[in-house]
Amino acid sequence: MVIDKKWAPYSVKNTFKQFGIKAPIKYVDHHISHLCGSLYTAPWKDLNNTLGLVVDSVGEFKTLSVWDIKNEKTIS
């Protein structure tokens, strides 16, 4: 399912508002969100010279992405 970005902020903002949550909303690439989720929960903490691989099933435009993780602040 693809959500038009012009409508997405309103539904997220309304949901946050219903629960009294005041937080900034930042939209990121779908595969970057998968990558970051895996890095934040990885059992190791040394991210120097790591290969990141995200494999999705179907339902979007790309299903595979490969990332070169130089260190904690440099992902390309």
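For the structure given in this document, a descriptive report is provided here. Computed from a prediction, not measured in an experiment: that's the story for all the values here.

**Topic: the sheet that holds strand E2 (residues 64-71)**
Now for step 1: The three strands are arranged E1-E2-E3 in an open sheet whose pairing can be described as antiparallel. Where the open sheet ends on each side, the last strands, each with one partner, are strand E1 (50-55) and strand E3 (74-75).
Now for step 2: Strand direction decides the pairing type here: E1 and E2, joined by six bridges, are antiparallel. In the strand pairing of E2, Val55 is matched with Leu64.
Now for step 3: In the packing of helix H2 (residues 30-40) onto the sheet, contacts are made with E1, E2 and E3, and the angle to E2 comes to roughly 50 degrees.

**Details of the environment of Leu39**
Now for step 1: Along the chain, Leu39 falls in helix H2.
Now for step 2: Look at Leu39 and you get buried, because its relative accessible area is 14%.
Now for step 3: Excluding anything up to four places from it in sequence, Leu39 contacts Leu47, Ile69 and Ile75.

Rules of the game
- Residues numbered from 1 in each chain as written.
- Predicted model: local features only at pLDDT ≥ 70, side-chain atom pairs only at ≥ 80, totals over all residues.
- Heavy atoms only, no water.
- Pairing = 2+ DSSP bridges.
- Helix = DSSP H or I, 4+ residues; strand = E, 2+ residues; numbered from the N terminus.
- Contact = heavy atoms within 4.5 Å.
- Axes fitted to C-alpha atoms, helices over the stretch in contact; angles between N-to-C directions.
- Buried < 20%, exposed > 50% of the residue type's maximum accessible area, 1.4 Å probe, protein only.

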